Amino acid sequence: MTFVKICGINSVAAAEAAVAAGADAVGFVFAGSPREVTPERARELAAVVPSTVKRVAVLRHPPRALWERVLDVFAPDWLQTDASDLADIDLPPSCAALPVYRDGRAPKAPPARMLFEGAKSGSGRTADWDEARALAARCELILAGGLDAANVADAIRTVRPWGVDVSSGVERRRGEKDPQKIREFIARVRAFDDGARGRAGEENA
């Protein structure tokens, strides 16, 4: 099953829609963005998220005071930020790192798990799928950048990622999630997964 992360959650309706549709993770943004929330607000929204769904803190080049507050107040399961930031962040054992790499900056030795996207987060621009595919063969790669219900099946077919991440692709307007688009996105991913299992079963019959 493809891991699905719905990012940029900033309302109860979006959080509930993601959980009900079967998301594996929800992301809360603590960086300059129309989706930005405070650690206190993220904690409130996460109250509707069961423990089976990963709660991800999404940052980018955070100052120490911010990441300390996020960890203390929100207490995420994962902390997502550019790989270069992580050397300066002290994560507790309860929080795993999700390093972000971008187009043209792929690591020669990828970590066990990483997120790969385009040059600018939240821009809606598609990442380099060829570069992503090469990385996905060597680690658990979560593909982000420009995904939506219309292209996510092609993205999975091309890149073969461990997971996919969507934010602007499930919004009715910038910064405002559309519950129906969240449901449709996850349904498309699961339909692809079901089809892939069916094809594998036929090949092994």
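Cut-off values and rules
- Residues numbered from 1 in each chain as written.
- Predicted model: local features only at pLDDT ≥ 70, side-chain atom pairs only at ≥ 80, totals over all residues.
- Heavy atoms only, no water.
- Disulfide = S-S within 2.5 Å.
- Buried < 20%, exposed > 50% of the residue type's maximum accessible area, 1.4 Å probe, protein only.
- Phe/Tyr/Trp six-rings, centres within 6.5 Å; stacked < 30°, edge-to-face > 60°.
- Helix = DSSP H or I, 4+ residues; strand = E, 2+ residues; numbered from the N terminus.
- Salt bridge = Lys/Arg side-chain N within 4 Å of Asp/Glu carboxyl O.

Chemist: Can you help me understand the state of the cysteines in this one?
Modeler: The term disulfide refers to a covalent linkage connecting the sulfur atoms of a pair of cysteines. If you walk through the whole model with that rule in mind, you get 0 disulfides. Not part of a disulfide, Cys7 finds its nearest cysteine sulfur in Cys95, a span of 14 Å. The buried category is assigned to Cys7, whose relative accessible area is 7%. Of the residues examined, Cys95 reaches a relative accessible area of 6% and is grouped as buried.

Chemist: I'm lost on the packing of aromatic side chains in this one. Help?
Modeler: The relation between two aromatic rings is expressed through the spacing of the ring centres and the mutual angle of the planes. This model, assessed by the stated rule, comprises 4 aromatic pairs. On the basis of an interplanar angle of 15 degrees and a centroid distance of 4.6 Å, the ring pair of Phe3 and Trp162 is categorised as stacked. Separated by 159 residues along the polypeptide, Phe3 in strand E1 (residues 3-6) and Trp162 in the loop between helix H5 (152-159) and strand E8 (163-166) bring together distant segments of the chain. Overall, the relative accessible area of 26% leaves Trp162 in the partly exposed class. Seen in terms of ring centroids, Phe28 and Phe74 are 5.2 Å apart; in terms of plane orientation they differ by 70 degrees. Their pairing is edge-to-face.

Chemist: Would you mind showing me how to read the pattern of salt bridges here?
Modeler: Where charged atoms from two side chains of opposite charge come close, those side chains can pair. The tally for this structure, following the rule as stated, stands at 19 salt bridges. Residue Arg41 is joined to Glu44 by a salt bridge in which the shortest nitrogen-to-oxygen separation is 3.1 Å. Placement of the pair is Arg41 and Glu44 together in helix H2 (residues 39-45), with a separation of 3 residues, close to one helical turn. Look at Arg41 and you get partly exposed, because its relative accessible area is 32%. Salt-bridge contacts for Arg172 lead to Glu176; the nearest nitrogen and oxygen are separated by 3.0 Å. Connected through salt bridges with shared partners, the residues Arg60, Asp82, Arg102 and Glu117 form a single ionic network.

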